[in-house]
Amino acid sequence: MRLALAEAAAALEHEDVPIGAVVVRGGRVIGRGHNQREALHDPTAHAELIAITAAAAYLHSWRLTECTLYVTLEPCIMCAGALLQSRLPRLVFGAEDPKAGACGSMYDVVHDARLNHQVDVTSGVFAAESAELLQAFFRQQRALGKK
């Protein structure tokens, strides 16, 4: 999770919301990413999607069946869908997202028994650090009149 926090800090370099993610397989990081929506002008450039894409490229497979995704904020609906589509078996996240979280807070997409895959979720890992990074970013943005 410390590596995901470092990725989140990298998002600050281009004024993106500081969310970071890493995909780990067998104790080795095979994918990493941070939010790049502002940098790429792409609404889908979430940390999770970038990390999942990098891991799939590393493995030469869309199936990430032996991997764990670590992310600083609870994934949204789009990213939860990507977890399911990539067959990721495990998710570890920091802060809950009561406004858009899709892994237990607002929605629980990854545990929907109607789908052909579910994800084992561990929440609250480095939650305070993850939340503080986000809160500091938005405090600064509001002070600048931006968000």
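Remember, it's a predicted structure, so these values are computed and weren't measured experimentally.

1. Quick notes on the packing of helix α1 (residues 2–11) against helix α5 (residues 127–143)
Moving on, step 1. One can describe the packing of α1 onto α5 by two numbers: an axis separation of 11 Å at closest approach and a directional angle of 0 degrees. Here α1 lies roughly parallel to α5, going by the angle between them. Here Leu5, Ala8 and Ala9 of α1 come into contact with α5, specifically with Glu129, Ser130 and Leu133.
Moving on, step 2. Its residues assigned to classes, the contact of α1 with α5 comprises 4 nonpolar, 1 polar and 1 charged.

2. A few points about the environment of Gly94
Moving on, step 1. Secondary-structure assignment places Gly94 in strand β4 (residues 90–95).
Moving on, step 2. Residues Gly94 and Val17, spaced 77 residues apart in sequence, show a C-alpha to C-alpha distance of 15 Å.
Moving on, step 3. Those residues in contact with Gly94 that lie beyond four places of it in its chain are Met1, Val71, Thr72, Ser123, Gly124, Val125, Phe126, Ala127 and Ser130.

3. Brief notes about the pairing of strand β3 (residues 67–73)
Moving on, step 1. The buried count for β3 comes to 6 of 7 residues, which makes it a mostly enclosed element.
Moving on, step 2. Where strand β1 (residues 20–25) and β3 come together, 5 bridges link them in antiparallel fashion. Counted as the bridge partner of Val23 is Leu69 from β3.
Moving on, step 3. Where β3 lies against β4, 5 bridges are found, and the strand directions are parallel. Of the residues in β4, the one forming a bridge with Val71 is Phe93.
Moving on, step 4. Each parallel crossover has a hand, and the one from β3 via helix α4 (residues 77–85) to β4 is right-handed.

4. Overview of unusual backbone geometry
Most peptide bonds take the trans configuration, and most residues that are not glycine carry a negative phi.
Moving on, step 1. Non-glycine residue Glu15 carries a positive phi angle of around 60 degrees.
Moving on, step 2. Position of Glu15 among the secondary structure elements: in the loop between α1 and β1.
Moving on, step 3. Despite not being glycine, Arg87 shows a phi value in the positive range, around 65 degrees.
Moving on, step 4. Within the secondary structure layout, Arg87 lies in the loop between α4 and β4.

5. Some details on the sheet that holds strand β2 (residues 28–34)
Moving on, step 1. Pairing in this open sheet of 5 strands is mixed, and the strands run β2-β1-β3-β4-β5 from one edge to the other. With partners counted over all chains shown, the strands left at the sheet margins are β2 and β5 (120–122), one partner each. Direction aside, the axes of adjacent strands within the sheet are offset by 20 degrees on average.
Moving on, step 2. Helix-sheet contacts for α1 involve β1, β2 and β3, and the interaxial angle to β1 is about 145 degrees.
Moving on, step 3. Relative to the sheet, α5 contacts β3 and β4, its axis offset from that of β4 by approximately 60 degrees.

The rules behind the values
Residues numbered from 1 in each chain as written. Predicted model: local features only at pLDDT ≥ 70, side-chain atom pairs only at ≥ 80, totals over all residues. Heavy atoms only, no water. Axes fitted to C-alpha atoms, helices over the stretch in contact; angles between N-to-C directions. Helix = DSSP H or I, 4+ residues; strand = E, 2+ residues; numbered from the N terminus. Parallel < 35°, antiparallel > 145°, perpendicular 65-115°, else oblique. Contact = heavy atoms within 4.5 Å. Nonpolar A, V, L, I, M, F, W, Y, C, P; charged D, E, K, R; others polar. Buried < 20%, exposed > 50% of the residue type's maximum accessible area, 1.4 Å probe, protein only. Pairing = 2+ DSSP bridges. Right-handed = clockwise from strand over helix to strand, strands pointing away.

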